[in-house]
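# Secondary and tertiary structure notes
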Amino acid sequence: MTASSTRNAPDNRPNFTLVRVARFPGLRALAWSGDHLYVSRGYQLLRATIQQPLSNLTWQPVAAFRPSLRRRLSVLNGLTLRLFRDGFHALAVLPSGGLVAAVPGAMVTLHSGETEFRRTHTILRGTRPLHITAVPNGAVYWGEYFDNAARDEVHIYASADDGNTWGVAYTFPKGAVRHVHNIVHDPWGDCLWVLTGDYGDECRILRATCDFSRVDTLLQGKQQTRAVAAIPSEDGLYFSSDTPLESNYIYRLDRQGVVSQVAAISSSSIYGCRVGTRVFFSTMVEPSQVNRDRHVRIYGSESTTAKQQWHSFLAWQKDSWPMRFFQYGNAFLPDGTNATPLLAVSTIAVEADDLATSLYSVSP
């Protein structure tokens, strides 16, 4: 891992720095809830209270999911874990204190006081959603993510009882979209942002009410509106494009509906997060004739600065294992609301930091 240097002209230097203060091999960061960070080790879920000094940090077991025997064996080795896409892939912390997670082939739920996740929905199309979203009224949402070569209808599922039961909240009709990339709650706009892909008019950024009684398409029809990562902020919605067909960028959709391109990035991006008023996006290494950078990168900026400056702060080189089988090089940024001054990053398929979580102090 290398941090980007600050050899720019004095007026183009980052106005904050990232310094690694902790590293945890074998852990994947999933979600923040205030100053609590939830991580997984295979099919075990752990939690720590992130406070200074970090020397006092301890990971406490929360619960586990019991997968099939094959997955209980494949998760024991890092390469087979990567090959079979084992472990927890998304997590939402509910207002009730319960948890909803995605594992291969299922949505699973944990109630307060329990120690084992229960399967509450079997996923029949695809293996898992990319993200899960909980809103303050207690509803939980996720969108179907599967190959969908036939362009069948695509559902957004919801639960109003802490993940015990699931029903369809909204359906994209046949031929409308390939799949759902993400659903993001926006506390400033009191709405949900829905991101879909992958080609032509399937690439959409939609705004929905928190009960899906109204859904409006704001952006559509270009690879630059093919997005997975979106971060609401007081001044608007930041999103990064996720296309192997064109160069990629970070955009801001302001509260008046005006879209501006704010930074170029080296490759497709599918994860983003906030630390205070700072916004971060990561890139991944994937097959592309356009985006040929072999480094996973972290880009960031101060969202409240009138003249924003985006910089590449961190970089990791893709490892030598074939990405077709052992996953693209990537940096996972956990969902949820982070009340700490630290950035959590989990890296996979990169040199030196494969399957590791690092914490970085974000300071002026």
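Here, residues in each chain are numbered from 1, in the same order as that chain's written sequence. Per-residue local features are limited, in this predicted model, to residues with pLDDT of at least 70; the limit for side-chain atom pairs, both in listing and counting, is 80 or more; totals at the level of whole chains, interfaces and linings are taken over all residues. Based on all heavy atoms of the structure, the side-chain values leave hydrogens and waters out of the count.

## What about a nonpolar patch on the surface?
To count toward a patch, a residue needs a relative accessible area above 30% and no salt bridge. Like charges then connect within 9 Å, nonpolar side chains (Val, Leu, Ile, Met, Phe, Trp, Tyr) within 5 Å. Per-residue and other accessible areas follow the Shrake-Rupley method at a 1.4 Å probe size, with only the shown protein chains counted as cover for residues. Whenever Lys or Arg places a side-chain nitrogen within 4 Å of a carboxyl oxygen from Asp or Glu, that contact is recorded as a salt bridge. Taken together, Leu69, Leu73 and Leu76 make up a surface patch of nonpolar side chains, about 360 Å² in accessible area. Per the convention used, a helix needs a DSSP run of H or I reaching at least four residues, while a strand needs a run of E reaching at least two, with both numbered from the N terminus. For Leu73, the position within the fold is in helix H1 (residues 69–74).

## Let's talk about the sheet that holds strand S27 (residues 330–332)
Strands pair, by our definition, only if DSSP identifies at least two bridges between them. Spatial strand order, S2-S30-S29-S27: four strands in an open sheet with antiparallel pairing. A strand with exactly one partner marks an edge of an open sheet, and here the two such strands are strand S2 (17–25) and S27. Averaged over all pairs of adjacent strands, the angle between strand axes in this sheet comes to 30°, irrespective of strand direction. What counts as an axis is a line fitted to C-alpha atoms, over the stretch in contact for a helix, and the angles between N-to-C directions run from 0 to 180 degrees.

## Considerations on the nonpolar core
The tendency in soluble globular proteins is for nonpolar side chains to be buried side by side. The criterion is simple. A nonpolar core is a set of buried Ala, Val, Leu, Ile, Met, Phe, Trp, Tyr and Cys residues joined through side-chain atoms within 4.5 Å. Buried residues are those whose accessible area, probed at 1.4 Å on protein chains only, stays under 20% of the maximum for their type, while exposed residues exceed 50% and partly exposed ones sit between those limits. With 27 residues, the main nonpolar core has Leu18, Phe280, Ile298, Trp316, Leu333, Leu343 and Val345 as its most contacted residues. With residues near it in sequence (within four places) discarded, Val345 still touches Ile298, Trp316, Ala331, Phe332, Leu333, Ala356, Thr357, Ser358 and Tyr360. Throughout, a residue-residue contact means that at least one pair of heavy atoms, one from each residue, lies within 4.5 Å.

## Some points on unusual backbone geometry
Most of the time, phi is negative for any residue but glycine, and the peptide bond is trans. For the peptide bond that leads from Gln52 to Pro53, omega is -5°, which places it in the cis range. With respect to the helices and strands, the residue Pro53 is situated in the loop between strand S5 (44–49) and strand S6 (60–64). A cis geometry characterises the amide bond from Gly197 onward to Asp198, with omega recorded as 20°. Along the polypeptide, Asp198 turns up in the loop between strand S16 (191–197) and strand S17 (204–208). Positive phi is not limited to glycine here, since Arg85 has a value of about 55°. Checked against the element boundaries, Arg85 lands in the loop between helix H2 (78–83) and strand S7 (90–93). Judged by relative accessible area, which is 23%, Arg85 ranks as partly exposed.

## Overview of the sheet that holds strand S20 (residues 236–241)
Across the sheet, which stays open at both edges, the four strands sit in the order S19-S20-S21-S22 with antiparallel pairing between neighbours. The sheet terminates laterally at strand S19 (227–233) and strand S22 (259–265), the two strands that pair on one side only. Sheet twist, expressed as the mean angle between neighbouring strand axes with direction ignored, is 20°. Across five bridges, S20 lies against strand S21 (residues 248–254) in antiparallel orientation. By the bridge assignment, Phe239 is partnered in S21 with Tyr251.

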